[in-house]
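Chain residues, written in single-letter form:
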Amino acid sequence: MTSTSLSARTPKARTPNAPTGPPGERAARTRRLVARTVVGALLALYGLVSVYPFLWMVSAAFKDRIEVVRGGHLIPDNPTLDTLVDTWDKLHFFDFFLNSLLVTGYTVVLTLVIYAAAGYAFAVLRFPGRSALQKLFVSLLFVPAITVMLPIVMLENKMGILGTHFGLVLPFVNGGAPLSILLMTGAFMAVPGELRDSARVDGASELRIFTGVYLPLARPALITVALLTAIPTWNEFLLTRVSLNDPSTYTLPLGLQTLSAENVPHYNNLMAGALIVVIPVILLFLSLQRYFVNGLVGAVKG
């Protein structure tokens with residue numbers, strides 16, 4: 001057999017970079033690639049712009065007062081821990097931290113207890129007006145919180161709880177009702193009804209079914225509700241500022257305000273104080289992030 005016949009029968013190797021498919025398909029792939037590249041670049045730019053203030057805050061927390069005022073690079077020229085230590089002492093961290101922990105803890109516990117039960121009732125039980133009542137609660141999502149602040153202050157003043165931590169917990173719990181009920185109802189609706197029927201056959205009471213069957217299966221949603229309640233409660237400033245007048249009851253955001261009330265604000269101390277305030281929230285979210293995502297997905301599916 002001649003070399004000519006072998007070469008005739010051997011298929012020609014395809015060039016790796018040679019375009020395949022009809023021209024219309026290649027053009028569509030090119031457009032999709034360009035679109036993904038543009039969207040990715042815009043999202044990266046948006047992410048950089050969004051995270052830059054936080055990075056500047058972290059950077060300023062490790063600078064002295066002169067370097068912060070002078071500006072300069074994002075990375076400190078002479079990093080120092082003195083700013084954090086000085087701010088820690090000025091902020092009376094433990095006093096304000098315990099107040100914030102108390103308010104946030106009570107708010108989260110009451111929110112989980114009340115709205116987990118409400119979500120179970122809306123998702124599983126049948127009673128007159130159930131659908132209308134659920135829609136009423138969800139519609140409260142569209143009511144701006146600032147519009148009810150004055151009525152809350154006036155009502156709490158008449159009740160004699162204005163200026164107390166309990167006077168903060170009640171509005172925070174009520175404010176979390178719409179979203180908490182929505183998430184818990186969706187999570188409980190995703191639980192197969194056969195499990196409840198089997199438990200009823202075994203003689204379990206409604207409370208036992210709720211606590212022993214539904215709550216364990218809705219753990220991601222419970223953690224999601226806890227996070228969505230704890231973070232804004234921990235960071236709340238406006239209602240706290242209006243309600244609390246005694247410095248011994250101040251939470252961390254109010255304690256941080258005392259740093260800015262100085263005659264000559266030290267911006268490095270302000271940034272260090274802000275960093276101290278947000279660190280617990282960041283650690284909490286990072287430790288429970290996967291439950292948070294699963295809880296949102298489960299509630300949407302439900």
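Read on for a plain summary of the structure.

### Considerations on the packing of aromatic side chains
Then, in step 1: Throughout the structure, instances matching the rule amount to 10 aromatic pairs.
Then, in step 2: On the basis of an interplanar angle of 40° and a centroid distance of 6.2 Å, the ring pair of F122 and F127 is categorised as tilted.
Then, in step 3: Of the residues examined, F122 reaches a relative accessible area of 5% and is grouped as buried.
Then, in step 4: Residue classification places F127 among the partly exposed residues on the basis of a relative accessible area of 32%.
Then, in step 5: Taken together, the ring pairs in this structure connect Y120, F188, F210 and Y214 into an aromatic cluster.

### Remarks on the packing of helix 5 (residues 93–123) against helix 14 (residues 252–260)
Each packed pair of helices is defined by two parameters, the angle between the axes and the distance between the axes.
Then, in step 1: Closest axis-to-axis distance for the helix 5/helix 14 pair is 8 Å, and the angle between their directions is 145°. Two secondary-structure elements touch here, helix 5 through F93, F96, F97 and S100 and helix 14 through L252, P253 and G255.
Then, in step 2: Per-class residue counts for the contact of helix 5 with helix 14 are 5 nonpolar, 2 polar and no charged.

### Section: the side chain of T111
Then, in step 1: Among the structural elements, T111 can be located in helix 5.
Then, in step 2: The class of T111 is buried, set by a relative accessible area of 1%.
Then, in step 3: Once residues within four sequence positions are removed from consideration, T111 is found in contact with A116, V173, S180, V225 and T229.

### Focus on the nonpolar core
Soluble globular proteins: nonpolar side chains tend toward being buried together.
Then, in step 1: By size, the foremost hydrophobic cluster in this structure holds 33 residues, and its most contacted members are L84, L91, Y115, L168 and L252.
Then, in step 2: For this core, the secondary structure elements donating two or more residues are helix 4 (82–91), helix 5, helix 7 (149–159), helix 8 (165–175), helix 9 (177–189), helix 14 and helix 15 (267–287).
Then, in step 3: No other element matches helix 15, which puts 7 residues into this core.
Then, in step 4: Among all residues touching Y115, those that are not within four sequence positions of it are V173, N174, G176, A177, S180, I181 and M184.
Then, in step 5: Formed by 17 residues, the second largest nonpolar core is a distinct cluster that contains Y120, V124, F210 and Y214.

### Structural notes on the side chain of T251
Then, in step 1: Checked against the element boundaries, T251 lands in the loop between helix 13 (238–243) and helix 14.
Then, in step 2: In contact with T251, not counting residues within four places along its chain, are F96, N99, S100, V103 and T240.

### Some thoughts on the environment of L84
Then, in step 1: Looking at the element boundaries, L84 is found in helix 4.
Then, in step 2: Beyond its immediate sequence surroundings of up to four residues, L84 is in contact with A61, F62, A272, L275 and I276.

### What to know about the environment of I161
Then, in step 1: Along the polypeptide, I161 turns up in the loop between helix 7 and helix 8.
Then, in step 2: The spacing of I161 and S243 is 82 residues in sequence and 9.4 Å in space, taken between C-alpha atoms.
Then, in step 3: Filtering out sequence-adjacent residues up to four positions away, I161 remains in contact with E156, F166, G167 and L170.

### So, a nonpolar patch on the surface
Then, in step 1: A surface patch of nonpolar side chains, amounting to about 890 Å² of accessible area, comprises L48, V51, Y52, F54, L55, W56, L74, I75, I282 and L286.
Then, in step 2: Of all the elements in the fold, those that place two or more residues in the nonpolar patch are helix 2 (23–60) and helix 15.
Then, in step 3: In terms of residue count, helix 2 provides more of the nonpolar patch than any other element does, 6 residues in total.
Then, in step 4: The topology assignment puts L286 in helix 15.
Then, in step 5: Judged by relative accessible area, which is 52%, L286 ranks as exposed.

### A few points about the packing of helix 5 against helix 12 (residues 219–235)
Then, in step 1: In the contact formed by helix 5 and helix 12, the axes pass within 9 Å of each other and the chain directions differ by 145°. The handedness of the crossing between helix 5 and helix 12 comes out as right-handed. Between helix 5 and helix 12, the contacting residues are F97, S100, L101, V103, T104, T107, V108, T111, L112 and A116 on the first element and L222, V225, A226, T229, A230, T233 and W234 on the second.
Then, in step 2: Class assignment for the residues of the contact of helix 5 with helix 12 results in 11 nonpolar, 6 polar and no charged.

### Side note on the pattern of salt bridges
Then, in step 1: Enumeration according to the criterion identifies 3 salt bridges in this entry.
Then, in step 2: Among the ionic pairs, R29 bridges to E25, the shortest N-O distance being 3.0 Å. Here the residue R29 and the residue E25 both occupy positions in helix 2, the gap between them amounting to 4 residues, near one helical turn.
Then, in step 3: Look at R29 and you get partly exposed, because its relative accessible area is 33%.
Then, in step 4: Between R196 and E206 there is a salt bridge; the shortest N-O distance is 3.1 Å. Of this pair, R196 sits in helix 10 (residues 193–201) while E206 sits in helix 11 (residues 206–217), and the two are 10 residues apart along the sequence.
Then, in step 5: Residue E206 is classed as partly exposed on the basis of its relative accessible area, which comes to 26%.
Then, in step 6: Connected via shared salt-bridge partners are R196, R200 and E206.

The rules we used
- Residues numbered from 1 in each chain as written.
- Predicted model: local features only at pLDDT ≥ 70, side-chain atom pairs only at ≥ 80, totals over all residues.
- Heavy atoms only, no water.
- Phe/Tyr/Trp six-rings, centres within 6.5 Å; stacked < 30°, edge-to-face > 60°.
- Buried < 20%, exposed > 50% of the residue type's maximum accessible area, 1.4 Å probe, protein only.
- Axes fitted to C-alpha atoms, helices over the stretch in contact; angles between N-to-C directions.
- Helix = DSSP H or I, 4+ residues; strand = E, 2+ residues; numbered from the N terminus.
- Contact = heavy atoms within 4.5 Å.
- Nonpolar A, V, L, I, M, F, W, Y, C, P; charged D, E, K, R; others polar.
- Core = buried A, V, L, I, M, F, W, Y, C linked by side-chain atoms within 4.5 Å.
- Patch = residues over 30% accessible without salt bridge, like charges linked within 9 Å, V, L, I, M, F, W, Y side chains within 5 Å.
- Areas by Shrake-Rupley, 256 points an atom, 1.4 Å probe, with all protein chains shown as cover.
- Salt bridge = Lys/Arg side-chain N within 4 Å of Asp/Glu carboxyl O.
- Left-handed = near helix turned anticlockwise from the far one by under 90°.

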